[in-house]
Amino acid sequence: MTHKTDLKNFNLEGLIGYVESLGQPAFRGRQIMAWLYRPGIENFDQMTDIAKKFREILKENAFISSFPPPLLERSSDGCVKFGFQLDDGPIIESVLIPEEDRNTLCLSSQVGCAMDCSFCLTGTMGFIRNLSPAEIVNQVCSVRDFLLKEPEDKLIGPREVTNLVFMGMGEPLNNLDNLLIALSILTEPKGLDLTGRKITVSTCGIAPKMRRLGENSTINLAISLHAVNDDTRNRLMPINRRYPLDVLLEACRTYPMPKRRRIMFEYILLQDINDSDDDARELARKLNNIPCKINILPYNESPGLPYKSPSPERVLSFQKILLDKHYSVFIRNSRGSDISAACGQLAGQKKLSQKLMIS
Ligand code: SF4
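Conventions adopted
- Residues numbered from 1 in each chain as written.
- Predicted model: local features only at pLDDT ≥ 70, side-chain atom pairs only at ≥ 80, totals over all residues.
- Heavy atoms only, no water.
- Helix = DSSP H or I, 4+ residues; strand = E, 2+ residues; numbered from the N terminus.
- Buried < 20%, exposed > 50% of the residue type's maximum accessible area, 1.4 Å probe, protein only.
- Contact = heavy atoms within 4.5 Å.
- Areas by Shrake-Rupley, 256 points an atom, 1.4 Å probe, with all protein chains shown as cover.
- Lys, Arg positive; Asp, Glu negative; His and termini not counted.
- Charge placed at Lys NZ, Arg CZ, Asp CG, Glu CD.
- Expected span 1.5 Å × (residues − 1).
- Salt bridge = Lys/Arg side-chain N within 4 Å of Asp/Glu carboxyl O.
- Pairing = 2+ DSSP bridges.
- Right-handed = clockwise from strand over helix to strand, strands pointing away.

**Some details on the overall build of the chain**
Logical step 1: Within the chain one finds 13 helices and 14 strands.
Logical step 2: Counting the 359 residues in the chain, one finds 55% classified as buried.
Logical step 3: Pairs at least 24 apart in sequence give 65% of the contacts found in the chain among residues at least 6 apart.
Logical step 4: By element, 49% of the accessible surface of the chain is carried by carbon and sulfur atoms, the whole surface being about 16200 Å².
Logical step 5: Between the mean site of the 45 positive side-chain charges and the mean site of the 43 negative ones, the chain shows a separation of 3 Å.

Shown next, in the form of structure tokens:
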């Protein structure tokens, strides 16, 4: 275990503070930030506008982390699941979802998850630890490097990561300090330079932490709702016992959102659990007065979990009721299910390592 400081754990402000602690002026921090996230930058000698003497000081005290080559699985629909082995052993997963005009990367924020949602395989792992800011942004750096090297005939979307969703392993708001630093690096023009409009953070409903997220970032907020009454939601998502629906929806109403944005409500449709027409009508009533969009996610059946996918007719009927109430409602059929990369399926560390395809 190194005692050196990983510079990727700092946002710009933190980096400036760090170089100042080494007796350097603030602009050195801005210079380093402009180097750290360029493809191919692995050591301080590549930072040619930094004085050699200071580069030596950096070498003694700091390092630039990166992930080793990932384990890869490719889905027949073009999705790619990446398994990144962390220094202390565990593997986290990220999923690239390519489309013609965009590449969305689904990121993990924790190893495992403590929230224990009953439809989610990640929840069955339990919580292992939080990811550091560097471990969050290195998922993006690695997939960016993968896309830069991807052969032309395999490329579906652009050669860059264009959109990020925090919907992989973990509950992002349970790792809020590190998440906010990572978001600051991801949206920093000298960092990874993504706009907050293209980043979505999804929470299962840690209501008291939502405001701090909104006040300190410009990202989009998604809420994993999945039920319209407390009884059902308590069964699906134990967090609801602490922050019941009324508390969660009030936090949504008062969420400090950038102008002209809407909250995305995610609703997994589980056969005979939450997919009735009455449920749809109640959902429309509950979301009244919240600027929002609704994603309906027909459930992906996973061995070992008791839930069933709804019929296509049920899904359409549920959607129609919401459309008739003038909501923007989208049916999102999860991609990557053949490699267990679809929503709620990220936990297959053993399976992933057995199915190594490329490194
Ligand atoms: S759905 Fe999200 S919050 Fe719930 S257990 Fe899975 S990873 Fe955790």
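**Regarding helix α5 (residues 133-149)**
Since the α-helix packs 3.6 residues into each turn, any two residues three or four apart lie on the same face.
Logical step 1: The terminal C-alpha atoms of α5, which comprises 17 residues, lie 25 Å apart, in line with the 24 Å expected from a rise of 1.5 Å per residue.
Logical step 2: Of all 17 residues in α5, 14 are buried; the element is thus mostly enclosed.

**Re the pattern of salt bridges**
Logical step 1: The full count for this structure, using the stated rule, is 19 salt bridges.
Logical step 2: Among the ionic pairs, Glu56 bridges to Lys59, the shortest N-O distance being 3.1 Å. Separated by 3 residues within a single helix, Glu56 and Lys59 lie in helix α3 (residues 52-61), roughly one turn from each other.
Logical step 3: Lys59 sits in the partly exposed class, given a relative accessible area of 28%.
Logical step 4: Among the ionic contacts, a cluster of salt bridges with common partners joins Asp45, Arg55, Glu56 and Lys59.

**Quick notes on the pairing of strand β10 (residues 199-203)**
Logical step 1: Of all 5 residues that make up β10, 5 are buried, and the element is covered over most of its length.
Logical step 2: The two faces of β10 match: Ile199, Val201 and Thr203 on one face and Thr200 and Ser202 on the other face are all buried.
Logical step 3: Judged from the 3 bridges that link them, strand β9 (residues 163-166) and β10 form a sheet pairing that is parallel. Along β10, the bridge assignment pairs Leu164 with Ile199.
Logical step 4: Crossover β9 to β10 through helix α6 (residues 176-187) is right-handed.
Logical step 5: Note: β10 against strand β11 (residues 220-224), 4 bridges, orientation parallel. Within β11, the residue paired with Thr200 across the bridge is Asn220.

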